[in-house]
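Notes for the structure review
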Amino acid sequence: MELIYRSTRNSNETATASQAILKGLANEGGLFVPDEIPALDVSIEELAKMNYQQVAYEVMKLMFTDFTEDELKHCISSAYDKKFDTPAIAPLVKKAGAYYLELFHGSTIAFKDMALSILPYLLTTSAKKNGVQNEIVILTATSGDTGKAALAGFADVPGTKIIVFYPKHGVSPIQEKQMVTQKGDNTFVVGITGNFDDAQTGVKKMFSDKALAEYMDKKGYQFSSANSINIGRLVPQMVYYVYAYTRLVADGTIKAGDKINVVVPTGNFGNILAAYYAKEMGLPIAKFICASNDNKVLYDFFKTGTYDRNREFILTTSPSMDILISSNLERLIYKIAGNDAVKNSALMKKLVSEGVYTITDEMKAKLDEFAGGYATEAETAATIRKVYESDDYIMDTHTAVAATVYEKYVEETGDKTPTVIASTASPYKFTRSVMNAIDTSYDAKTDFELVDELNKLSGVKVPQAIEDIRSAAVLHDTVCDKEDMLKEVKKFLNI
Ligand SMILES: *Cc1c(COP(=O)(O)O)cnc(C)c1O
């Protein structure tokens, strides 16, 4: 049976999976959500015997029902190949009383690769299926990691162009270097004078501009999104939760049906929502522990039922989580509002006009599987140092936010459920913050000296992604005001 996707802001707007992937965002700023999440139709025991690619097929075939088996298997095998530095794709590592699901073994060493290595294949397949003639322009706002992963995924993909906006002063030096050295004639990278929310707001505005869409169509272009609002990113992220659970079954840590908890370092709420969808598919997850840094808007939301973005935006050492508007939360709000687009739209309107909304008690009662937590900068650094000293394991700053929140959660609840922590970036991506956490005297060294020091301490090979940028030339140096994003898009497309 065909799975239908529906806009969170207008229940009359529907799409097939491939149409939803192509469009990215629904009209009026809505997000596409599946009418239902089908149950897994193979047993946990069978899944435990499969490799990553096979598990991916079993999950994706249920969500992307208008793709043929051949199409989907082609997308999966093209994405999850030698670009990853381990055949496990997403290894599960037991350290310091938890299971770290390492999602950073792809080409840009952050978890965004898990979805962005397959999205270009899903998108070009969707274009073919729907007879699209226009060239597809991927428009992306990034807090650092999405941008590079999307650029790497789409570079030189025929029939596509990609434009990435990032906050000029809101990403790590290595993140910026990775982006501005991106090769490919179809790539365009722009720093904006503003923060991530400004970049995301500017991109959303262009998406929902009908006149612009018509103009683009006349010129042979149409926008699509590589941001985590695209269902083509969310669904591939469900896969690794199923994979992680079934690895724990395979090695005898748990029995099929036993519950686990997951801890997710959260920004735009995409990764944790994918875990929630995986549960709806039948994965036994007890708690979703949502970890925030000092920008703890989600922590406050889970505690009080009020989402309030009217606060200072704080730059932290976990920049990919420096976000005050968590776009994918809308999908959860829609769900707990009883799949009611009118109620959801009213709340989202309030978020735009007043920067704040409060859910009803009835809605809040449906959030009891979620636990919010946050970690300060000092706590995050202390966790990195502590786990390095106790377990000889060096984690990145985002993962350390999650590990800290997990530790606090266990202290408060005594909950002993086996727990998977989403490890979202390689420590090599945030080398300076990671090394400073271990010893502040490292701060005197250059970025690449620190890479070599990290290599000495951890014994983990320097990833190819880092070797690649040691000597790479800067190919993108455009910086614009946040008001001028559209101008830059038009300039690049020559329209
Ligand atoms: C994007 C990102 C996050 C946040 O993920 P969301 O899906 O936006 O919640 C966390 N850690 C790292 C390293 C990231 O790149």
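Higher on the page you've got the structure.
From a predicted model like this one, the values you see are computed outputs, not experimental measurements.

Time to look at the pairing of strand 4 (residues 92-95). Sheet analysis places strand 4 next to strand 5 (residues 98-102), joined by four bridges and oriented antiparallel. Looking at strand 5, one finds that Val93 is bridged to Tyr100. Counting the residues in the hairpin turn of strand 4 and strand 5 gives two residues, including Ala96, whose phi is positive at 45 degrees.

On to the packing of helix 7 (residues 145-154) against helix 8 (residues 173-180). The geometry of helix 7 relative to helix 8 is characterised by a closest axis approach of 9 Å and an angle of 25 degrees between their N-to-C directions. Considering their axes alone, helix 7 and helix 8 lie roughly parallel with respect to each other. With respect to the hand of their crossing, helix 7 and helix 8 are arranged in left-handed fashion. Between helix 7 and helix 8, the contacting residues are Asp145, Gly147, Lys148 and Leu151 on the first element and Gln175, Gln178 and Met179 on the second. Class assignment for the residues of the contact of helix 7 with helix 8 results in two nonpolar, three polar and two charged.

Moving on, we get to the environment of Cys480. Its location among the elements puts Cys480 in strand 16 (residues 478-481). Since its relative accessible area comes to 6%, Cys480 is described here as buried. Put simply, Cys480 and His74 are 406 residues apart on the chain and 39 Å apart in space, counted from C-alpha to C-alpha. Cys480 has contacts with Val190, Gly191, Ile192, Thr193, Met485 and Glu488, leaving out every residue within four places of it along the chain.

The next subject is the nonpolar core. Residues Tyr5, Met60, Phe64, Tyr241, Phe269, Ile333 and Tyr357 are the most contacted members of the largest nonpolar core, which totals 115 residues. At 13 residues, helix 11 (residues 231-250) tops the list of elements feeding residues into this core. Those residues within four positions of Ile333 in sequence are excluded, and the remaining contacts are Phe301, Asn344, Leu347, Met348, Tyr357, Ile359 and Met363. Counting residues in each nonpolar core, the second largest holds 41 residues, with Val263, Tyr393, Leu450 and Ala465 among its members.

The tally for this structure, following the rule as stated, stands at 19 aromatic pairs. Here Tyr80 and Phe84 contribute two aromatic rings whose centre-to-centre distance is 5.7 Å and whose plane-to-plane angle is 50 degrees, an arrangement assigned as tilted. You'll find Tyr80 and Phe84 in the same group, each marked buried. Taking NZ or CZ as reference, Lys296 lies 5.1 Å from the ring centre of Tyr374, over its face. Just above the ring of Tyr374 sits the side chain of Lys408; from NZ or CZ to the centre is 4.9 Å.

Take the sheet that holds strand 2 (residues 10-15) next. Two orientations exist for strands paired in a sheet by backbone hydrogen bonds: parallel and antiparallel. Ordered in space as 2-1-3, the three strands form an open sheet in which the pairing is antiparallel. Strand pairing shows two members of the sheet lacking a second neighbour, strand 2 and strand 3 (32-34), which therefore form its edges. This sheet shows a mean twist of 40 degrees between the axes of neighbouring strands, independent of strand direction. Strand direction decides the pairing type here: strand 1 (residues 5-7) and strand 2, joined by three bridges, are antiparallel. Looking across to strand 2, one finds that Arg6 is bridged to Thr14.

Tallied over the entire structure, the rule returns 25 salt bridges. Between Asp81 and Lys83 there is a salt bridge; the shortest N-O distance is 3.1 Å. When its relative accessible area of 34% is taken as the criterion, Asp81 is described as partly exposed. Here Lys83 falls in the partly exposed class, since its relative accessible area comes to 33%. Here Asp443 and Arg432 are joined by a salt bridge, their closest N and O atoms 2.9 Å apart. With Asp443 in the loop between helix 19 (431-438) and helix 20 (447-458) and Arg432 in helix 19, this pair connects stretches of sequence that are eleven residues apart. Among the ionic contacts, a cluster of salt bridges with common partners joins Asp41, Glu58 and Lys61.

What counts as what
Residues numbered from 1 in each chain as written. Predicted model: local features only at pLDDT ≥ 70, side-chain atom pairs only at ≥ 80, totals over all residues. Heavy atoms only, no water. Pairing = 2+ DSSP bridges. Helix = DSSP H or I, 4+ residues; strand = E, 2+ residues; numbered from the N terminus. Axes fitted to C-alpha atoms, helices over the stretch in contact; angles between N-to-C directions. Parallel < 35°, antiparallel > 145°, perpendicular 65-115°, else oblique. Left-handed = near helix turned anticlockwise from the far one by under 90°. Contact = heavy atoms within 4.5 Å. Nonpolar A, V, L, I, M, F, W, Y, C, P; charged D, E, K, R; others polar. Buried < 20%, exposed > 50% of the residue type's maximum accessible area, 1.4 Å probe, protein only. Core = buried A, V, L, I, M, F, W, Y, C linked by side-chain atoms within 4.5 Å. Phe/Tyr/Trp six-rings, centres within 6.5 Å; stacked < 30°, edge-to-face > 60°. Lys NZ or Arg CZ within 6 Å of the ring centre and 35° of its normal. Salt bridge = Lys/Arg side-chain N within 4 Å of Asp/Glu carboxyl O.

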